[in-house]
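So you can see what is in the structure, the chains are spelled out below.
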Amino acid sequence: MSPLLGWGRRHLAGLLGLVLVAGMFLVARPDGVSAETRRDIAGGYRFTPMSVQLPGGYPQQTIRKVNRAYAHLAGWISSVGAGIAMNDLDGDGLANDLCLTDVRIDRVVVAPTPGARADRYASFALDPAPLPMNPHIAPMGCQPGDFNGDGRTDLLVYWWGRTPVLFLRRAEATALSAAAYAPVELVPTAAAGEYRGPKWNTNSVTVADFDGDGHDDIFVGNYFPDGPVLDHTVHGGVTMNKSMSNAGNGGTNHVFRHAGGTVGGIPVFTEERGVFSERVAHGWTLAAAANDVDGDLLPELYVANDFGPDHLLHNRSQPGHIRFGLVRGTTNRATVPKSKVLGHDSFKGMGVDFGDLDGDGLYDMYVGNITTSFGIEESNFAFVNAARDQADLRKQLSAGRAPWEDRSAKLNLAWSGWSWDVKIADFTNRGRPDIVQTAGFVKGDVNRWAQLQELAAANDILLDDMRWWPNVRQGDDIAGGQHPAFHARTPDGGYVDVSAELGLDIPVPTRGIAVGDADGDGRLDMALARQWDAPVFYRNDSPGTGAFLGLRLTRPAAGPGALPAAAIGAQVRATTPDGRVLIGHVDGGNGHSGKRSPEVVLGLGAHTGPVDVTVSWRDRDGSTHQQQLRLQPGWHSVELGAQAREVTR
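Since we're looking at a predicted model, the values are computed, not measured. (Residues numbered from 1 in each chain as written. Predicted model: local features only at pLDDT ≥ 70, side-chain atom pairs only at ≥ 80, totals over all residues. Heavy atoms only, no water.)

## Brief notes about helix H6 (residues 390-398)
Where we set the bar: For every residue, the accessible area (1.4 Å probe, protein chains only) is compared with the maximum for its type, and the residue is labelled buried under 20%, exposed over 50%, or partly exposed between those bounds. Under the scheme used here, helices are H or I runs from DSSP no shorter than 4 residues and strands are E runs no shorter than 2 residues, and both carry numbers assigned from the N terminus. Note: the arc covers the axis-to-C-beta directions of the helix. Pairs of residues are marked as contacts when any of their non-hydrogen atoms sit within 4.5 Å. Side-chain atoms alone can form a polar contact between residues adjacent in sequence; in general such a contact is a pair of N or O atoms within 3.5 Å, and within protein one must be able to donate a hydrogen while the other accepts it.
The set of residues buried in H6 consists of Asp-392, Leu-393, Gln-396 and Leu-397. Buried positions in H6, seen along its axis, are confined to an arc of 130° and lie on one side of it. Those residues of H6 hidden inside the fold are in contact with strand E16 (311-315), strand E17 (324-327), strand E21 (381-385) and strand E22 (404-406). Near the N-terminus of H6, the side chain that reaches the backbone nitrogen of Ala-391, with its oxygen 3.2 Å away, is that of Asp-389. With its phi angle positive at about 90°, Gly-400 sits one or two positions after the end of H6.

Below, the structure written as structure tokens:
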């Protein structure tokens, strides 16, 4: 044996330690952005926090009552449910209405955005009566949309403890109030008395025309398996995940296809059976996003799962029949861990959004995971599209390959805490997308990270038995002091979190993010839902913003007495004279528990002249169309029928 080899064997433990320390240094390396550069970047943004008007008179709570089997995990079980959406609910042409779920009162609240015109109506809570309910049901989120085809914005509310409810906007209602909505079941069930139907535990909903028939369908993603999670009068009938990285025993995911027409004014949705494989159907789903990425106007579906692989589903549907193909990234690159390959990951998918991060005119995806140093440090995903063009992308997807590569570390997007919802948006209209991301888990005084780390390292066979889980009760803390992240672009094309410089670093756990232009000035505002705290609205007062192109894309009214409705899924591609390509789509509710408004806003930067725009859409009959327009910067309302036609309000 050579002296060098003998020395190496004697010092093997020390050498391994040095490698580990060096590796941890690389993982936890600083972002390399100076304080001066941070201040310069942050100087282009300004957000004014404003309080949201909430109704009074409801009993307050600070933790949920849970199944007695979960008693020592009541804080963990109580960690979700704060959701928020921005939309135009009253028809005034502005996304200045909020629909939010407030866990402190377990109600679904409709409220005006604060500021100008906040006196249009008083905030109110939706009333599900006369539908059956019981004390063990809690709302988790609110999804706006036109579900009965009359052009008025309805509200789909999803819950833990029951199936979703559609609150249909009454045609005769002249103002927003609880009486302006008629609650109906998405899933037919008993019409009176105490709710005894399926006990779904839903954490994600998104709306899109999956089968291309011209009508919007609904994806419902469930977290816990059906069961009495919030019923404190029983012990049992519930479970936990069977693995921290590969669990497939979660709630069942569902797709409801719009069957066309209404019965007594109530839309008819039919559950499409057999859409998902067992593996895809039973992940622990926390977020979902639908968007056409390959140019055929059939939206793909990204399902973000806790405790195991996320799934990207390539849309291969026909009208009247929804069908997806599972696609995955390749794992044959020695320098890329399997956990950072799309479809093979083992992380905790908490939020997802589509956007163009590198400006190549193809959709990328940003996914939030748990990334807490000295806690559970995984990685967010910045899945950048590596296809040559849409034709190449379509060919690869059809073959089952997903050509997206995670570049989160290179872009300085890998680490942001215990992440939840994410939204990609251009808040200064400079043509460079920003990313806002909520964070934080359970806020308290007793640090439980050590016990959680011990559980995370335990054998998977123990995990589905909640008796092995550590205490997470009221007063316990896991990542409770974390704050939202605001990732702004740096001069070298990466990102830096400037939340502290913008005053967004409030140490309160946050969940849903809603984005929209509430006052019509072309600057996107945002609202955050906070877990066990009041929601907050951030008016965008950023100075010196660039020019913008704002598009309100609608389908024509479906018939007499109906109104135009948002053209969910329509695609926009704008080209500026300097060759920059900007893309956007009419979003039907992507993310965790936050929903953006359906307008498309593209930042033009210093360009103030006309812009060439290509709009692609499906009409109400499912036929596809594409048309080129030449539009001046500013807001435009465009009706998408057999042709694209600009209209004035």
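## Looking at the sheet that holds strand E19 (residues 364-368)
What counts, and what does not: We treat two strands as partners when DSSP finds at least two bridges between them. To obtain each axis, a line is fitted to C-alpha atoms, and for helices this fit is confined to the stretch in contact; angles are then taken between N-to-C directions over 0 to 180 degrees.
Sheet architecture is open: 4 strands sit in the order E18-E19-E21-E22, paired in antiparallel fashion. Among the strands making up the open sheet, the edge pair consists of strand E18 (351-355) and E22. Taken pair by pair, the neighbouring strands of this sheet meet at an average axis angle of 20°, ignoring direction. Two elements, E19 and E21, share 3 bridges in a ladder whose sense is antiparallel. Residue pairing for E21: Met-365 is matched across the bridge by Phe-383.

## Section: the pairing of strand E38 (residues 611-618)
Summarising burial for E38: 7 of the 8 residues are buried, a large majority. Here strand E34 (residues 571-575) pairs with E38 via 5 bridges, running antiparallel. Within E38, the position partnered with Val-572 by the bridge is Val-615. Of the strand pairs in this sheet, E38 and strand E39 (residues 624-631) are connected by 8 bridges, and their pairing is antiparallel. Bridge pairing in E39 links Trp-617 to His-625. Where E38 folds back onto E39 in an antiparallel hairpin, the turn is made up of 5 residues, including Gly-622, whose phi is positive at roughly 90°.

## Side note on the pairing of strand E27 (residues 485-489)
Burial within E27 is extensive, with 5 of its 5 residues counted as buried. Note that strand E24 (residues 434-439) and E27 share 3 bridges and pair antiparallel. Looking across to E27, one finds that Val-436 is bridged to Phe-486. The pairing of E27 with strand E28 (residues 495-497) spans 3 bridges and is antiparallel. Directly across from Ala-488, in E28, lies its bridge partner Val-496.

## Examining the side chain of Glu-378
Considering the arrangement of structural elements, one finds Glu-378 in the loop between strand E20 (370-371) and E21. Looking at Glu-378, its side chain comes within polar contact range of the side chain of Lys-348, at 2.5 Å. Filtering out sequence-adjacent residues up to four positions away, Glu-378 remains in contact with Ser-346, Phe-347, Lys-348, Asn-369, Ile-370, Thr-371 and Trp-415.

## Let's talk about the sheet that holds strand E8 (residues 165-169)
With antiparallel pairing, the 4 strands of this open sheet are ordered in space as E6-E7-E8-E9. Sheet topology places strand E6 (138-145) and strand E9 (181-185) at the edges, where each strand pairs with a single neighbour. Across the sheet, the axes of successive neighbouring strands diverge by a mean angle of 25°, strand direction being ignored. By the bridge criterion, 3 bridges tie strand E7 (residues 154-160) to E8 in an arrangement that is antiparallel. Pairing of Leu-155 across the sheet is with Phe-167, part of E8.

## Let's talk about the packing of aromatic side chains
What counts is decided by this rule: Each Phe, Tyr or Trp ring (for Trp, its six-membered ring) is paired with any other whose centre lies within 6.5 Å, and the angle between the two planes then decides the class: stacked below 30 degrees, edge-to-face above 60, tilted in between. For a ring to carry a charge above it, either NZ of a lysine or CZ of an arginine must fall within 6 Å of the ring centroid while also lying within 35 degrees of the normal to the ring plane.
In this structure the tally under the stated criterion is 26 aromatic pairs. When the ring of Phe-347 is compared with that of Phe-381, the centres are 5.5 Å apart and the planes differ by 10°; the resulting orientation is stacked. Within this pair, whereas Phe-347 is found in the loop between E17 and E18, its partner Phe-381 is found in strand E21, the two being separated by 34 residues in sequence. Accessibility expressed as a relative area gives 12% for Phe-347, which makes it buried. A cation over a ring is seen here: Arg-552 above Trp-635, with NZ or CZ 4.0 Å from the ring centre.

## Points about the pattern of salt bridges
We count it as follows: The term salt bridge refers to a pairing of a side-chain nitrogen on Lys or Arg with a carboxyl oxygen on Asp or Glu at a separation within 4 Å.
Taken as a whole and judged by the stated rule, the model has 25 salt bridges. Asp-421 is paired through a salt bridge with Lys-423; the nearest N and O atoms lie 3.2 Å apart. For the pair Asp-421 and Lys-423, one class covers both residues: buried.

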